[in-house]
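Summary of structural features
Here's the letter readout for the chains.
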Amino acid sequence: MSVTFFDLVDQYVSIADEVHEAIGRVLSTQTFIMGPEVAALEEELGQYVGADHAVAVASGTDALLLPLKALEADPGAEVIIPAFTFFATAGAVWNAGLRPVFCDVDPRTYNVTAETIAPHVTERTVAIVPVHLYGQMAEMSGIMELARAHGAFVLEDCAQSIGADSPEGRAGSVGDAGSFSFFPTKNLGGFGDGGLTTFSDSLVADRVRKMRVHGGKKMYHHEMVGTNSRLDALQAAVLRVKLHHLDEWIQARRGNADRYADLLADVGEISLPFVADGHTHAYNQFTIRAERRDELRAFLTERGIGSGVYYPLGLHLQDCFSSLGYRPGDLPVTESLTSDVLSLPIFPELGEERVSRVAEAVREFYGYSSE
Ligand SMILES: *Cc1c(COP(=O)(O)O)cnc(C)c1O
């Protein structure tokens, strides 16, 4: 039995009727740009996240870029972000005309903490972007305290963590803003690209709402230079259907994770995802740290088992940021994670049999008997 890293087909089949009905509703009105589906999605997601304002945009990348631009900071002002994240977090800072300042992460949660951020705060710091990596939120209380003390804006990158909870609240409801991605493999995935930013305050939200339609509220009257970053009505209609199932799908991801944890508990060569106190993990990825990671991965591939490496190179060491002057050794936790993390299949429809198959292969690789 082969096990693909992810598979969106079973999920689609399970909701095909509902999705076709929603798409039909949009087709019958021929309202493809913005309109009531997008407004309804914003309302529903704002409620789900627990944020007062929500603005849908064209991608998760724009959901980071637009609020950063809307800060209207001086060019070259600094934004502290983890080096251990998807490229978009850094690309958005750069494309907003700001300077990415990379910090390290905690070796157990893989997330930034107040302690890893603090050494990088300067009088030029305008924002901090904690990334809630793999489906678990960063420890926000310390981060918020640090940010408030320095007047820095906090934009949570929730692309991988919709539905994750923490003692401080749900992903996207704790900072000044939270950005989400609807890329198809995210926990709430559309049938193409899409994104959304939540805000606790209307000031930046209103600017972003204008920026996504070329910088004006009234057609052909532009208060600022914006862009086209609208979410398609068709995507909004599909996402509204999927939102009804999101909690049940996250629950299924957790079931898979619990099963992996049972089956792999005695394998000393790996460490399992660590769930911090009071947190619920949304498991967009199930990421272990593994000795001989690349050999393990090749072994799994040979047996028809998909896996992923998120991420193989720290952002501070990417060629495109060489002008920032980082060197190997600058962020040691990130650099060790890039050589030992491995993500195993975790999608909701995976099921017990396939989880067992993957776990058995991992056990076999390290010479453990199967259960
Ligand atoms: C997916 C992702 C993004 C970007 O989202 P897109 O919709 O692909 O533009 C940003 N940050 C993180 C951490 C992501 O995983």
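Parameters and conventions
- Numbers given for residues are sequential positions, taken from 1 along each chain in its written order.
- A pLDDT threshold of at least 70 governs which residues receive local features in this predicted model, and a stricter bar of 80 or more applies before side-chain atom pairs are shown or counted, although totals over entire chains, interfaces and linings include all residues.
- Hydrogens and water are ignored here; the side-chain numbers use all heavy atoms of the structure.
- When we say a residue is near a molecule or strand, we mean one of its heavy atoms is within 4 Å of it.
- Between N or O atoms, a polar contact is any pair within 3.5 Å; within protein, one atom must be a potential hydrogen donor and the other a potential acceptor, and residues adjacent in sequence are included only when both atoms are from side chains.
- Here the open area of atoms and residues is found with the Shrake-Rupley method and a 1.4 Å probe, where only the protein chains shown may cover a residue.
- Every helix listed is a DSSP run of H or I at least four residues long, and every strand listed is a run of E at least two residues long, numbered separately from the N terminus.
- Two strands make a pair as long as DSSP finds a minimum of two bridges between them.
- Here, residues are in contact when the closest pair of their heavy atoms is within 4.5 Å.
- Axis lines are fitted through C-alpha atoms, for helices just across the contact stretch, and the angle between N-to-C directions can take any value from 0 to 180 degrees.
- The working definition used for a salt bridge is a side-chain nitrogen of Lys or Arg within 4 Å of a carboxyl oxygen of Asp or Glu.
- Partly exposed describes any residue whose relative accessible area lies between the buried limit of under 20% and the exposed limit of over 50%, with all areas from a 1.4 Å probe on protein chains only and scaled to the type maximum.
- Where each domain starts and ends comes from a domain assignment, either automatic or drawn from a database.
- Two parts lose some accessible area (1.4 Å probe) when they are put together, and adding that loss for both gives the buried area.
- Between 30 and 60 degrees the pair is tilted, below 30 it is stacked and above 60 it is edge-to-face, where a pair is any two Phe, Tyr or Trp rings, Trp via its six-membered ring, whose centres lie within 6.5 Å.
- We count a charge as sitting over a ring when the NZ of a lysine or the CZ of an arginine lies within 6 Å of the ring centre and within 35 degrees of the ring normal.

With that settled, consider the site of the ligand. Around the ligand, a shell composed of 15 residues is seen, among which Gly60, Thr61, Asp157, Ser181 and Lys186 lie nearest. Ser181 places a polar side-chain atom, nitrogen or oxygen, 2.7 Å from an oxygen atom of the ligand. Protein chains bury 92% of the 380 Å² of accessible surface belonging to the ligand in isolation. Among the elements of the structure, helix H3 (60-70) and helix H4 (87-95) are those that each provide at least two residues to the shell around the ligand. With 3 residues, H3 is the single largest residue contributor to the shell around the ligand.

What follows concerns the sheet that holds strand S10 (residues 270-271). The sheet built from 3 strands is open, its strands ordered S10-S11-S12 with antiparallel pairing. Only two strands of the sheet have a single partner each, and these edge strands are S10 and strand S12 (341-344). With 4 bridges connecting them, strand S11 (residues 286-290) and S12 associate as antiparallel partners. Pairing of Phe286 across the sheet is with Leu344, part of S12. Those strands touched by helix H11 (residues 332-340) are S11 and S12, and its axis lies near 100° from that of S11.

Looking now at the sheet that holds strand S5 (residues 153-157). Judged by pairing direction, the sheet is mixed, and its 7 strands sit side by side in the order S1-S9-S8-S5-S4-S2-S3 without closing on themselves. Single-partner strands in this sheet number two, and they are strand S1 (53-57) and strand S3 (99-103). Neighbour-to-neighbour, the strand axes of this sheet turn through a mean angle of 25°, independent of strand direction. Sheet topology places strand S2 (residues 78-82) next to S3; 5 bridges connect them, and they run parallel.

Looking now at the side chain of Thr197. Residue position: Thr197 is located in strand S9 (residues 195-199). Within the local environment of Thr197, its side chain forms a polar contact with the backbone oxygen of Ala63, the two atoms lying 2.8 Å apart. For Thr197, the contacting residues outside a window of four places in its chain are His53, Ala54, Val55, Ala63, Pro67, Leu155, Ala177, Gly178 and Ser179.

Another aspect to go through is the pattern of salt bridges. Pairs may arise between side chains of opposite charge once their charged atoms sit close together. Within this structure, the stated rule accounts for 20 salt bridges. Between Glu44 and Arg240 there is a salt bridge, with the nearest N and O atoms lying 2.8 Å from each other. Of this pair, Glu44 sits in helix H2 (residues 36-49) while Arg240 is found in helix H8 (residues 233-243), placing the two residues 196 residues apart along the sequence. Overall, the relative accessible area of 25% leaves Glu44 in the partly exposed class.

With that settled, consider the domain arrangement of the chain. The domain boundaries assigned to the chain delineate domain 1 (9-243) and domain 2 (246-366). Counting from both sides, the interface comprises 44 residues of domain 1 and, opposite them, 41 residues of domain 2. Both faces considered, domain 1 and domain 2 share a buried interface measuring about 3,800 Å² in area, 59% of it formed by carbon and sulfur atoms. Looking at the side of domain 1 facing domain 2, the largest losses of area belong to Phe102, Tyr134 and Asn187, adding up to 19% of the total buried there. Remark: the boundary between domain 1 and domain 2 carries 1 salt bridge. A salt bridge links Arg354 to Asp10; its shortest N-O distance comes to 3.9 Å.

Here the focus is the packing of aromatic side chains. Counted according to the given criterion, the structure contains 16 aromatic pairs. For the pair Phe102 and Tyr326, a centre-to-centre distance of 5.4 Å together with 70° between the ring planes defines the contact as edge-to-face. Taken as a pair, Phe102 in strand S3 and Tyr326 in the loop between helix H10 (293-302) and H11 lie far apart in primary sequence, 224 residues in all. When sorted by exposure, Phe102 lands in the same class as Tyr326, which is buried. Residues Phe365 and Tyr366 carry aromatic rings whose centres are separated by 4.8 Å and whose planes lie at 80° to one another, so their mutual orientation is edge-to-face. Like Phe365, the residue Tyr366 is buried in the burial classification. Members of the aromatic cluster, each reached through a chain of ring pairs, are Phe5, Phe6, Phe84, Phe86, Tyr110, Tyr134, Tyr310 and Tyr311. Stacked on the ring of Phe274, the Lys or Arg Arg108 has its end atom at 3.7 Å from the ring centre. Over the ring of Tyr48 we find Arg170, and its NZ or CZ is 4.4 Å from the ring centre.

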